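Notes for the structure review
Spelled out, the chains give:
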Amino acid sequence: MSGVSKWANVNLQLDYYPCAQFAGLHLANALGLYAKRGIEVTLLPPPGAGGDEPEQIIKQQRALDLAGRGIPSFMPTIAVGSVEQNVLIPAMARGVGVKAFGTIFQRSPLALGALPGTALSSLKDLAGKKVGMQMVGLELMTSLIASTAFESRADAPTIVAVTRQNKIEALLSGEVAAIQIFDCMESIELQERLGREVSVLSLDSLAQTAGGGGPLPLGYSQVLFATRAALQASIARKALGAFMEASQEGWLACAKDKAAATDAILADREAMGFGKASGGFPYQQQTEKETRLTLDGCLPYVISGEGPVGSIDAGVWQAASMAMASYGYASRPVALSSSLDSTIWPAAGSVNKALASHVTAGKEGWLAVVGEMRAEASRRAKALECRTGRLPTLAVVCVGNPDAARDTLQACAACGIKSETAALPETASFAQVHAAISALNRRSDVDAILLQRPFPSGIDAAALGGFIAPGKDVDGEAPRNPATAALAAEGCFTPPVSLGLQSPPALTAQMVLDADASLPPPPPWLISRAAPLPVAVEGVMQLLHRTGLVNKVVGGHVAIVGLAERGSVPLAAQLISCGATVSICSQQTLSSTLKALCLSADVIFSAGD
């Protein structure tokens, strides 16, 4: 102990009982690693059933602030919460003012557990059966079931609400065929009780391979977060940096001395009032052996990947956040700069290896990413056909040259999307093109409309774009298009919804429910949503996030050469939302200035005027 005077407090609200999920923090406290850095860390028991952790931290920080005047400059107390990313992002989308700065688990251990011998390789193995989900997992499972291509709607599993206390008994009694578990916790409990290995299906892997749904990575688990207001105070940021440093040391100590880590957990559990270990689970009553077993299960989730323990890769984080909005699991996209502060604790030193391989492979690598995106769109299109009886349809409006749409139609075919061309002669008037667009707006079997440029001189394509129905505008054409209007004000990344990833306004939630009342409500992405960005901008952002190159953008300088209203301007807004400093160079930019900006840029984009 170095004798450093205490200068800050951190109150960490656990989202579960004292157990192996927080072993590194328990041991860091026991070893005095926090005190060594001048901070006092208090671990608080879970507040209730869970699901409202972000709101709880807002309330706690307000109570801690001095008479509402914010974080004091001397001896502050920072309220910190821990929860899964798939709980945190929807809360941020609702407007809860919190922000992540680190994590405990590098990937999500959320899974489905079933009795030994149960076939459990996909949701289709649970067709016609009941699945027990806790409150925080109900919406997630609803989205996964809705995006899985069952042979018929009647085959979809029925979701049953369970609690932490009764879910295992519900499984053992046969009330449900599978339950929501943490693979590093309850699966071990069941194995201990039954004497045999249980069947486990990772929800993270399931979400990324769900038939028709495309990838829904769940991201990080036990994410550490604080209020946005607190993170603006330099002393709070310093305290949280020291907290993360000591926590990393605590986790590394756990891996070396599991006995000491187990003792620290049991001691804190008793100090928090959960009683002495009596065995048999749940976690507040685990014996020393059971605690040690679950510690072995948790460590691989903590000490894995690259970079410091507890670090968050911005690309992985935002990819998961985007997918949650795309599925409707979050009500709207949340900008990276609004959801993650990667300056408090060092981010991972390099991008995900699987994604990085695309970049290092050159052109072939980029084509592999495009192939993945088209495969996802195809799965979604097939799932939509399974649920509604028809494929999503794109109508391409061409004037003067129908062959100009060839590439677009081929792309649709590669994605399993139906397409058609509304071809008009080169002599068509503005009024005739407007009439064609209006007719497509009225057709319930047309889900999306695209204006194929270039148009003949004398026809204002930009003006015509304003007549496309917002719900069918897949290229950000209309001035009233929400994606266009909100760029400057919101600065948030729009999830992938073009090329069939957006469902048509004609397919309403009521129609789906009327088709089979036993099905759970469809996720919001099945209903008309805000129109997307121009497809070129959306494509650029998809590639950045899918390859992990977004890490070069975060905190970096980006130069965009070319000034285009539907290209460089919305692209700049998206890059700014990712934390980049952006310079746009137009034809009026001096050559010397252009050279200097490009030489100083970390990333350069070219956008046509």
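As a starting point, this report considers the structure included with it. Bear in mind the structure is a predicted one, so any value in this text is a computation, not a measurement. (Residues numbered from 1 in each chain as written. Predicted model: local features only at pLDDT ≥ 70, side-chain atom pairs only at ≥ 80, totals over all residues. Heavy atoms only, no water.)

Considering the sheet that holds strand β2 (residues 39-44)
Read from one edge of the open sheet, five strands run β2-β1-β3-β10-β4, paired in mixed fashion. For this open sheet the edge positions go to β2 and β4 (98-105), each flanked by a neighbour on one side alone. Adjacent strand axes in the sheet meet at a mean angle of 25°, parallel and antiparallel pairs treated alike. As defined by bridge partners, strand β1 (residues 8-13) adjoins strand β3 (residues 77-83) across five bridges and the pair is classed as parallel. Within β3, the position partnered with N9 by the bridge is T77. Its contacts with the sheet put helix α3 (residues 85-93) on β3, β4 and β10 (221-227), and the angle it makes with β4 is roughly 175°. (Pairing = 2+ DSSP bridges. Helix = DSSP H or I, 4+ residues; strand = E, 2+ residues; numbered from the N terminus. Axes fitted to C-alpha atoms, helices over the stretch in contact; angles between N-to-C directions. Contact = heavy atoms within 4.5 Å.)

What about the side chain of S82?
As for its placement among the helices and strands, S82 is situated in strand β3. Only 3.4 Å separates the side chain of S82 from the backbone oxygen of Q13, close enough to count as a polar contact. Within polar-contact distance, the side chain of S82 engages the backbone nitrogen of D15 at 3.4 Å. Not counting chain neighbours up to four residues away, the residues in contact with S82 comprise Q13, L14, D15, F22, E53, Q222, V223, L224 and F225. (Polar contact = N/O pair within 3.5 Å; in protein donor to acceptor, adjacent residues only side chain to side chain.)

Observations regarding the environment of G24
Structurally, the position occupied by G24 is in helix α1 (residues 23-30). Take G24: its relative accessible area is 0%, and that puts it in the buried class. Remark: the alpha-carbon pair of G24 and G250, spanning 226 residues in sequence, is separated by 4.5 Å. The contact partners of G24, leaving out residues within four places of it in the chain, are S247, G250, W251 and C254. (Buried < 20%, exposed > 50% of the residue type's maximum accessible area, 1.4 Å probe, protein only.)

Remarks on the environment of N29
Topologically, N29 is positioned in helix α1. Taking C-alpha positions, N29 is 7.2 Å from V41, a pair spaced 12 residues apart along the chain. Not counting residues within four places of it along the chain, the set of residues in contact with N29 comprises Y34, V41 and L43. Polar contacts involving the side chain of N29 include one to the main-chain carbonyl oxygen of V41, which spans 3.1 Å.

Describing the pattern of salt bridges
Following the criterion strictly, the structure yields 11 salt bridges and no others. In this structure, a network of salt bridges that share partners links the residues R37, E245 and E249. (Salt bridge = Lys/Arg side-chain N within 4 Å of Asp/Glu carboxyl O.)

Focus on the nonpolar core
F101, L112, F243, W317 and L575 are the most contacted members of the largest nonpolar core, which totals 117 residues. For this core, the element with the highest residue contribution is helix α9 (residues 234-256), accounting for 11 residues. With sequence-adjacent residues up to four places away left out, F101 is seen in contact with V80, L224, F225, A226, L231, L240, F243, M244, D341, I344 and W345. Membership of the second largest hydrophobic core comes to 18 residues, among which are V433, I437, L451 and I468. (Core = buried A, V, L, I, M, F, W, Y, C linked by side-chain atoms within 4.5 Å.)

Quick look at helix α11 (residues 288-302)
Over its 15 residues, α11 runs 21 Å from end to end, which matches the ideal 21 Å to within 8%, given 1.5 Å per residue. In the structure, α11 departs most strongly from a straight axis at D296, where the bend amounts to approximately 25° and where the proline P300 lies between one and four residues downstream. Buried residues along α11 sit in contact with α1, β4, α6 (186-194), α9 and α10 (258-271). (Expected span 1.5 Å × (residues − 1). Bend = angle between axes of the 7 residues up to and from the residue.)

Examining the sheet that holds strand β11 (residues 393-399)
Taking strand neighbours across the sheet as the criterion, the three strands line up as β12-β11-β13 in an open arrangement whose pairing is parallel. Each edge of the open sheet is held by one strand with a lone partner, namely β12 (418-424) and β13 (448-451). Each adjacent strand pair in this sheet contributes to an overall mean axis angle of 25°, direction not counted. Pairing analysis gives seven bridges linking β11 to β12, with the strands arranged parallel. Pairing of L394 across the sheet is with S419, part of β12.

Here we look at the side chain of D447
Tracing the backbone through its elements, the reader meets D447 in the loop between α17 (430-442) and β13. Within the structure, D447 has its side chain in polar contact with the side chain of R390 (distance 2.8 Å).

Thoughts on the packing of α3 against helix α12 (residues 314-327)
Interaxial distance between α3 and α12 falls to 10 Å at its minimum, and their mutual angle equals 65°. Handedness of the α3/α12 crossing: right-handed. On α12, the residues that touch Q85, N86, L88 and I89 of α3 are W317, A320, S321 and M324. Counted by class, the contact of α3 with α12 contains five nonpolar, three polar and no charged residues. (Left-handed = near helix turned anticlockwise from the far one by under 90°. Nonpolar A, V, L, I, M, F, W, Y, C, P; charged D, E, K, R; others polar.)

Considering the packing of aromatic side chains
The full count for this structure, using the stated rule, is six aromatic pairs. On the basis of an interplanar angle of 40° and a centroid distance of 6.3 Å, the ring pair of F105 and F182 is categorised as tilted. Within this pair, whereas F105 is found in strand β4, its partner F182 is found in strand β8 (residues 178-182), the two being separated by 77 residues in sequence. With relative accessibility at 0%, the residue F105 sits in the buried group. Residue classification places F182 among the buried residues on the basis of a relative accessible area of 9%. Three or more aromatic residues link up through ring pairs in this structure, and these residues are F105, F182 and Y301. The lysine or arginine in question, R107, covers the ring of Y301, its NZ or CZ lying 4.1 Å from the ring centre. (Phe/Tyr/Trp six-rings, centres within 6.5 Å; stacked < 30°, edge-to-face > 60°. Lys NZ or Arg CZ within 6 Å of the ring centre and 35° of its normal.)

Function cannot be read off these values alone, since they describe shape.
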